[in-house]
Amino acid sequence: MISILMDKNLQIFQKEIEYTFSFIFKSIGLNYRFVKDYRQIRKNDVLFIYSNLEPTEHDLLTLREKRNIFYVPADSDFYNTEKYSHSNISSLIRKIKLRREFAIISKRNLKDIASVCKADEVFLGKFHFDIIGNIFFALNETEFSKTDKNTLDNHLRLPDNYSHLSDYFEFPYINFMLKMIEDFLQESLISNDGFVLKKEMWPNKEDFALAISHNIDRLIKWDVKTFFGSLFLEMKLFFTLQWKQYFYIVFSKIKYIFTNIEPYWNFYTIREIEKKHKIASTFFCGVKPENKKKDIDYDITDNDLLMELRDLKTEKCEISLLGSYNSHKDFILAEQIKELQNIDGEKIYGIRQSLYRYDYNSTPEQHSQLEMLYDSSKSLLETPGFKNGIALPYKIFRRESEIGNEHNFWEIPVGFNDECLIKNKGNTVSIEKAKYILKNLLDVTEKNSCLLVINLSVKSFFDIPYLVQLFDFFLDTAVRKKVFTARLRDVAEWWENRESVKFEEFSNQINIHFPHDMENFTVSVLGKAVITEVEGIDAIFKQNVISFRKIKKNSNAIIKLEIQNRHEENSNTDKVS
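Residues numbered from 1 in each chain as written. Predicted model: local features only at pLDDT ≥ 70, side-chain atom pairs only at ≥ 80, totals over all residues. Heavy atoms only, no water.

**Overview of the layout of surface pockets**
Empty space within the second largest pocket amounts to approximately 860 Å³. Every residue lining the second largest pocket is counted, 33 residues in all, and those nearest its centre are Thr 147, Leu 156, Tyr 358, Asp 359 and Tyr 360. For the lining of the second largest pocket, the residue count by class is 12 nonpolar, 10 polar and 11 charged. (1 Å grid on protein atoms, 1.4 Å probe; cavity = no way out; pocket = protein on both sides within 12 Å on 5 of 7 lines; lining within 4 Å. Points joined across faces, edges and corners; volume = space filled by probe spheres on them. Nonpolar A, V, L, I, M, F, W, Y, C, P; charged D, E, K, R; others polar.)

Have a look at this one:
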């Protein structure tokens, strides 16, 4: 187990620190607890010391039986928005290059980000920067706590390049920091013959997870206003010799005149591509416009739309709410959810705010009150990548509350938004560049075992002429990999159920309790331990990995271990219990 000892001088920020450690070890999948002093630490625990002061020789002598110790230097300014905000962190950003370049915030210039000191069987791993504070800074979006209204766009959103760290958002660097902690921990356990149990991130230890979503924001391309209003764009395309785009728009008008086929009505096309690749997606649907210019242009009572939604559900797609333009701030979401649920009585689990508009005070509070399972409104607006470097579900920090450190819903950030393919009206990036962007996102997601959420709006399958081809190419590339594909609801439910699995580690065995039915669940034993037997649940194990199958609610498993001498080799024999 991981034991966390926090400096008493940091107690004023206990809520923030506990929230961050919770995110770290729950995401990695490790058992952890907070302790108040050295006496509460058990012999086989791995100790994390979070303090302004490095452990002294006397401390290490006191802890000589604990063996695996990590020290993280605490910078309390991370938890004070007056100290670290957009206006005063630019001089504190340090570029780091490990597998690739990313950035951290530190008051010190760093030659190395971590080191190891080992003596008398004690492994002391030292971080040279506050990795805990850096992760909190990203999760809490501290940089955006105070913003100048002059920096906002016409939808009152912060531009992607507002953040001083925006150059690094194409890389999920928070996930990379989690991997640093896990790898450092594994090194210490192997060095000192210890072990811990790790819940794998995805059900069958897949390399990464992928979820596809589609916003249903506009369904009417041509009406009297847009039909004649586009003439100027067509003239521009004609005289700038952009023939392909010019004829594409003109022919769509002609087709609309003679067939009345609405070019934004692309449900069938999307269903066929996803059916081909055996993927079900999440569609975000609004109910009625609040703002005629900026909101959806349809009503949920439209019979043709209701028929499309029924067809989507037949293909196992999920329907979630696309909150109206002002719903991120006005408390009107409850009524909209009720209207969407009234279609067929099926519960609505998720929400996305229109145009990714977000108010840091009222939006998460609404989602909590409505007991949503998840929200998916965190996204870069015009660039591909991971906002704040995060590519995993997480719960948002609850600033002022007596009921806990975090809100009760999962935030599932978007990693690719189709708006990044549109340069301006009538002009998109090339399909070659679009393929490169998506392949790069797949690559970094796979290497960091994280989650990639793609959003392709229904209307974009007309506005971006090559999107059908691109979507087919992307899915074909993705499903060839070892990937967990799921709807957003499935991702949130998996993360919730994964977190609910409890286990206890003893000297030569681990007891696991599963409170829910689960189709698959995988765990790994990190460190120097050999699995000799698994009792209680159908399981397959090889080396240090156990795959449980068809788990029934409230079932229990016992993993029996043999602790290896550091000079022994791991067994490669497959076993079934």
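**Topic: the packing of helix α1 (residues 14-28) against helix α4 (residues 173-191)**
At a minimum axis distance of 10 Å, the contact between α1 and α4 shows a crossing angle of 75°. With respect to each other, α1 and α4 are oriented roughly perpendicular. Only Ile 174, Leu 178, Ile 181 and Glu 182 of α4 make contact with α1, whose side of the interface consists of Phe 23, Ile 24, Phe 25, Ser 27 and Ile 28. (Axes fitted to C-alpha atoms, helices over the stretch in contact; angles between N-to-C directions. Helix = DSSP H or I, 4+ residues; strand = E, 2+ residues; numbered from the N terminus. Parallel < 35°, antiparallel > 145°, perpendicular 65-115°, else oblique. Contact = heavy atoms within 4.5 Å.)

**As for the pairing of strand β23 (residues 518-527)**
Along β23, 8 of the 10 residues are buried, which leaves the element largely enclosed by surrounding structure. Bridge count for strand β9 (residues 195-199) against β23 is 5 bridges, and the pairing is antiparallel. By the bridge assignment, Phe 195 is partnered in β23 with Gly 527. (Buried < 20%, exposed > 50% of the residue type's maximum accessible area, 1.4 Å probe, protein only. Pairing = 2+ DSSP bridges.)

**What to know about the confidence of the model for the protein chain**
A residue-level look at the protein chain finds 89% of positions with pLDDT of 70 or above and a mean pLDDT of 88. Note on residues 566-577: pLDDT under 50 across the span, and 26 contacts to partners over four residues away in sequence or across chains. (pLDDT = per-residue confidence, 0-100.)

**Notes on the nonpolar core**
Counting 165 residues, the largest nonpolar core has Ile 131, Leu 421, Phe 514 and Phe 548 as the members making the most contacts within it. Sort the elements by how many residues they give to this core and α4 lands first, with 10 residues. If near-sequence neighbours (up to four positions away) are discounted, Ile 131 is found in contact with Val 72, Met 177, Met 180 and Ile 181. If you look at the next biggest cluster of nonpolar residues, it comprises 10 residues, including Leu 47, Tyr 71, Val 122 and Leu 124. (Core = buried A, V, L, I, M, F, W, Y, C linked by side-chain atoms within 4.5 Å.)

**Points about the pattern of salt bridges**
Summed over all chains, the structure comprises 36 salt bridges. A salt bridge links Glu 315 to Lys 275; the shortest N-O distance between them is 3.6 Å. Residue Glu 315 is found in the loop between α9 (303-314) and β12 (318-323), and its partner Lys 275 is found in helix α8 (residues 267-276); the two are separated by 40 residues along the sequence. Through salt bridges with shared partners, a single ionic network connects Arg 33, Arg 42 and Asp 45. (Salt bridge = Lys/Arg side-chain N within 4 Å of Asp/Glu carboxyl O.)

**So, the packing of α1 against helix α15 (residues 488-500)**
For the pair α1 and α15, the least separation of the axes is 10 Å and the interaxial angle reads 95°. Our classification of the angle between α1 and α15 gives roughly perpendicular. In this structure, α1 contributes Lys 26, Ser 27 and Ile 28 to the contact, and α15 contributes Trp 495, Arg 498 and Glu 499. Taken together, the residues of the contact of α1 with α15 sort by class into 2 nonpolar, 1 polar and 3 charged.

**Focus on empty space enclosed by the protein**
Under the criterion given, the structure shown has 8 cavities of 30 Å³ or more. Considered as a void within the structure, the largest cavity measures approximately 100 Å³ in volume. Surrounding the largest cavity, Tyr 19, Ser 22, Phe 23, Lys 26, Ser 27, Pro 393, Tyr 394, Lys 395, Glu 406, Trp 410, Trp 495 and Glu 499 form its lining. Those elements that provide at least two residues to the lining of the largest cavity are α1 and α15.

**Remarks on helix α11 (residues 362-369)**
With 6 of its 8 residues buried, α11 lies for the most part within the structure. Those residues of α11 that sit buried are Ser 362, Thr 363, Pro 364, Gln 366, His 367 and Ser 368. Those residues of α11 hidden inside the fold are in contact with α10 (333-341), β13 (350-353) and β14 (374-375). Note on α11: the residue one or two positions beyond its end, Glu 371, has a positive phi of about 55°.

**Overview of the sheet that holds strand β21 (residues 502-505)**
Ordered by their spatial adjacency, 4 strands build an open sheet running β21-β22-β27-β24, and the pairing between neighbours is antiparallel. Lying at the two open borders of the sheet, with one neighbouring strand each, are β21 and β24 (529-535). Averaged over all pairs of adjacent strands, the angle between strand axes in this sheet comes to 20°, irrespective of strand direction. In this sheet, strand β27 (residues 555-563) lies alongside β24 in antiparallel orientation, the contact comprising 6 bridges. Along β27, the bridge assignment pairs Val 534 with Ile 559.

**With respect to unusual backbone geometry**
Even without a glycine there, the phi angle at Tyr 356 is positive, about 60°. Within the secondary structure layout, Tyr 356 lies in the loop between β13 and α11. Unusually for a residue other than glycine, Ser 449 sits at a positive phi of about 55°. Relative to the assigned elements, Ser 449 resides in the loop between α12 (431-447) and β19 (451-455). By relative accessible area, Ser 449 is classed as partly exposed at 30%.

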